[in-house]
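Listed below are the residues making up each chain.
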Amino acid sequence: YQRRVHGDYCYNRMPHSYGVRARTRSLFAKPFRRHGQDPISRMLINYHIGDYADIIVDGSKHLGMPHKFYYGKTGRIFDISKRAVGIVINKRVRNNVLPKRLHVRIEHLQKSKCRAEFLNRVHENERKKHAAKREHKIISTKRKPVEPTEGHFVELGKTKAEFINPKPYIYLYQPQMHLNII
């Protein structure tokens with residue numbers, strides 16, 4: 001403890017810590033009602049080179065734990081070993097983006113869903129192409145932005161016109177004149 005004297009009284013102050021796991025009290029804590037032993041299904045996930053994975057640190061497993069900076073980051077798998085997986089993550093350092101290569105145990109990984117929407121769209125486009133080929137049509141599978149609605153006329157015979165006018169201002173307090181007669 002550092003002892004500081006301020007005027008007439010003293011107080012103790014904790015020393016500043018710059019450890020590897022500093023300020024990770026809530027980051028590495030397990031979620032509510034998720035304490036205890038992990039399910040075996042987490043260990044049975046198959047990872048392949050080229051897959052995307054998210055780093056979600058399990059605070060109860062201390063071996064193979066990445067640094068707190070990489071929590072929540074998504075990277076691509078480049079190596080698979082007996083108990084760990086090599087993952088490449090881009091880290092921004094000032095004006096540079098550096099590819100960092102980490103070896104992380106699989107307890108701290110989960111498969112990423114970042115490409116799920118893209119792959120679903122690819123499969124859907126393939127189905128559309130096959131259907132169009134059977135019907136001898138040419139279709140475009142490009143994404144198009146939502147266009148503005150087309151112009152149209154409103155017929156007053158079918159709808160009722162409603163006029164929106166501001167409400168008149170109502171004086172809640174009317175000042176009274178006081179006459180001072182001498």
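Quick summary incoming for the structure in this document.

1. Considerations on helix H1 (residues 116-134)
The terminal C-alpha atoms of H1 lie 28 Å apart, and with 19 residues this matches the ideal 27 Å at 1.5 Å per residue to within 8%. Just downstream of H1 lies His136, where phi reads positive at about 55°.

2. Structural notes on the sheet that holds strand S6 (residues 96-105)
Strand order in the open sheet formed by five strands is S6-S5-S4-S3-S7, and the pairing between neighbours is antiparallel. The outermost strands of the open sheet, each flanked by one partner alone, are S6 and strand S7 (109-111). Here the strands of the sheet are splayed against their neighbours by 45° on average, with no regard to which way each runs. Relative to S6, strand S5 (residues 84-93) is paired through ten bridges, and the arrangement is antiparallel. Residue pairing for S6: Arg92 is matched across the bridge by Val97.

3. Regarding the pattern of salt bridges
Taken as a whole, this structure holds twelve salt bridges when the rule is applied. Asp38 is the salt-bridge partner of Lys30, the closest N and O atoms lying 3.0 Å from each other. Where Lys158 meets Glu155, a salt bridge forms, and the shortest distance between an N and an O atom there is 3.8 Å. The class for Lys158 is exposed, based on a relative accessible area of 70%. Take Glu155: its relative accessible area is 47%, and that puts it in the partly exposed class. Among the ionic contacts, a cluster of salt bridges with common partners joins Lys30, Asp38, Arg42, Asp58 and Lys61.

4. With respect to the packing of aromatic side chains
Applying the stated criterion to the full structure yields two aromatic pairs. Measuring from centroid to centroid gives 6.4 Å for Phe28 and Tyr71, while their planes differ by 40°, and the two rings are tilted. Residue Phe28 is located in the loop between strand S2 (9-13) and strand S3 (52-55), and its partner Tyr71 is located in the loop between S3 and strand S4 (74-80); the two are separated by 43 residues in the primary sequence. Among the residues examined, Phe28 registers a relative accessible area of 6% and is labelled buried. Between Phe69 and Tyr70, the ring centres sit 5.1 Å apart and the planes meet at 90°, which makes this aromatic pair edge-to-face. Looking at Lys73, its charged tip hangs above the ring of Phe69, at a distance of 4.7 Å from the centre. One cation-aromatic arrangement involves Arg101 over Phe78; the distance from NZ or CZ to the ring centre is 4.4 Å.

Reading the values: the criteria
Residues numbered from 1 in each chain as written. Predicted model: local features only at pLDDT ≥ 70, side-chain atom pairs only at ≥ 80, totals over all residues. Heavy atoms only, no water. Helix = DSSP H or I, 4+ residues; strand = E, 2+ residues; numbered from the N terminus. Expected span 1.5 Å × (residues − 1). Pairing = 2+ DSSP bridges. Axes fitted to C-alpha atoms, helices over the stretch in contact; angles between N-to-C directions. Salt bridge = Lys/Arg side-chain N within 4 Å of Asp/Glu carboxyl O. Buried < 20%, exposed > 50% of the residue type's maximum accessible area, 1.4 Å probe, protein only. Phe/Tyr/Trp six-rings, centres within 6.5 Å; stacked < 30°, edge-to-face > 60°. Lys NZ or Arg CZ within 6 Å of the ring centre and 35° of its normal.

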